[in-house]
Amino acid sequence: MTVTTDTPQAMPTPADEARLWALIEAAWADLGAEPLALRQALIERDPADDDDDDGPAAEIDAWLGAFLDRLGQLTAELTGQELTDLDRVVERKLHDIDREDIHEVTDGSDDGFLYARGFIVALGRAYYEAVRANPAMALLDADCEGMCYLFAHLHNDRFGSWPETGSGISRESFGNQAGWSA
């Protein structure tokens, strides 16, 4: 006798996704005009231009710590379920851009590619969608490790447990089989 326990995968709701992107935008907006301009420049840049060592790509790194701190502050009053819901959205976003064509641009080891995808999510919906549509918009060696598990860590710090997203997917690199050649 075979017993199957097919549990439906928990998917992020449109409201949870909208909340994530709104929180990311609010955190960046609270930091002022300079990081907003840098983010916009990354979205509008010609990916054929080489800006590995200077320009908005290098300058935005200086703002990532403050951004993550502000995002944590903006979620200080959220419940455990709300943090879990946000973590599920981030997990899904990271999973969906776990693709070979994006890795070819960002490079990186398992962890390095995860952190590169964290950077893509951290920069907001417009940049995320730009990279999804055109992987050449991604940046070599960019990373935002803190974004990858931010809401999970906040949940653990505040409620003493790691959130159970119920998604059945992994945010870890090379876990999205559909994104990689066989």
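Keep in mind the model is a prediction, meaning the values are calculated, not measured.

Visitor: For the overall build of the chain, give the residues involved together with the corresponding values.
Guide: When you go through the chain residue by residue, the secondary structure sums to nine helices and zero strands. Counting from the amino terminus, helix and strand elements in the chain follow one another as α-α-α-α-α-α-α-α-α. A compact globule built from 182 residues should have a C-alpha radius of gyration of about 16 Å, and the chain, at 17 Å, falls within 12% of that. Overall, the C-alpha framework of the chain stretches about 60 × 45 × 25 Å when taken along its three principal axes.

Visitor: Could you give an account of helix H4 (residues 80-96), with specific residues and numbers?
Guide: Relative to the 24 Å expected for 17 residues at 1.5 Å per residue, H4 spans 24 Å between its end C-alpha atoms, a close match to the ideal helical length. Among the 17 residues in H4, 14 count as buried, and that is most of the element.

Visitor: Just give me the short version of the side chain of Arg171, but keep the residues and values in it.
Guide: When you line up the elements, Arg171 lands in the segment after helix H9 (150-159). Relative accessible area serves as the criterion here: at 5%, Arg171 is assigned to the buried category. Polar side-chain contacts of Arg171 include one of 3.5 Å to the side chain of Glu91.

Visitor: Describe the nonpolar core, listing the residues and the values that go with them.
Guide: Ile24, Phe67, Leu71, Phe119, Met147 and Phe151 are the most contacted members of the largest nonpolar core, which totals 44 residues. Of all the elements in the fold, those that place two or more residues in this core are helix H1 (14-30), helix H2 (33-44), helix H3 (56-74), H4, helix H6 (110-122), helix H7 (125-133), helix H8 (145-148) and H9. Take this core: its biggest share by element is seven residues, from H6. Setting aside anything within four residues of it in sequence, one finds Leu71 in contact with Leu23, Ile24, Ala27, Met147, Leu150 and Phe151.

Visitor: Before we move on, could you go through the environment of Asn134 and cite the residues and values that matter?
Guide: Checked against the element boundaries, Asn134 lands in the loop between H7 and H8. We classify Asn134 as partly exposed; its relative accessible area is 33%. Residues Asn134 and Ala18 lie 116 residues apart in sequence; the distance between their C-alpha atoms is 22 Å.

Visitor: Requested: an account of the packing of H2 against H3, with residues and values cited.
Guide: Relative to each other, H2 and H3 sit at 140°, their axes nearing to 9 Å. Taken together, the axis directions place H2 and H3 in an arrangement best described as oblique. You can see that H2 and H3 cross each other, and the crossing is left-handed. Taken together, the residues of H3 that come into contact with H2 (itself represented by Glu34, Pro35, Leu38, Arg39, Ala41 and Leu42) are Pro56, Ala57, Glu59, Ile60 and Trp63. Taken together, the residues that form the contact of H2 with H3 break down as eight nonpolar, no polar and three charged.

Visitor: I'd like to hear about the packing of aromatic side chains, residue by residue, with values.
Guide: Within this structure, the stated rule accounts for seven aromatic pairs. Look at Trp21 and Tyr128: their rings are 5.5 Å apart centre to centre, the planes differ by 50°, and that puts the pair in the tilted class. With Trp21 in helix H1 and Tyr128 in helix H7, this pair connects stretches of sequence that are 107 residues apart. Trp21 sits in the buried class, given a relative accessible area of 4%. Geometrically, the ring pair formed by Phe119 and Tyr127 is edge-to-face, given 6.2 Å between the ring centres and 90° between the ring planes. Comparing Phe119 with Tyr127, the two get one shared label, buried. The ring of Phe113 has Arg117 sitting right over it, with the charged end atom 4.7 Å from the ring centre.

Visitor: Before we move on, could you go through unusual backbone geometry and cite the residues and values that matter?
Guide: Its identity as a non-glycine residue notwithstanding, Asp141 has a phi of 65°, on the positive side. Inspection of the secondary structure assignment puts Asp141 in the loop between H7 and H8. On the accessibility criterion, Asp141 (56% relative accessible area) is exposed. Positioned with a positive phi, Phe174 is a non-glycine residue whose angle comes to about 70°. The class for Phe174 is partly exposed, based on a relative accessible area of 32%.

Cut-offs used in this document
- Residues numbered from 1 in each chain as written.
- Predicted model: local features only at pLDDT ≥ 70, side-chain atom pairs only at ≥ 80, totals over all residues.
- Heavy atoms only, no water.
- Helix = DSSP H or I, 4+ residues; strand = E, 2+ residues; numbered from the N terminus.
- Rg over C-alpha atoms; globule rule 2.2 N^0.38 Å.
- Expected span 1.5 Å × (residues − 1).
- Buried < 20%, exposed > 50% of the residue type's maximum accessible area, 1.4 Å probe, protein only.
- Polar contact = N/O pair within 3.5 Å; in protein donor to acceptor, adjacent residues only side chain to side chain.
- Core = buried A, V, L, I, M, F, W, Y, C linked by side-chain atoms within 4.5 Å.
- Contact = heavy atoms within 4.5 Å.
- Axes fitted to C-alpha atoms, helices over the stretch in contact; angles between N-to-C directions.
- Parallel < 35°, antiparallel > 145°, perpendicular 65-115°, else oblique.
- Left-handed = near helix turned anticlockwise from the far one by under 90°.
- Nonpolar A, V, L, I, M, F, W, Y, C, P; charged D, E, K, R; others polar.
- Phe/Tyr/Trp six-rings, centres within 6.5 Å; stacked < 30°, edge-to-face > 60°.
- Lys NZ or Arg CZ within 6 Å of the ring centre and 35° of its normal.

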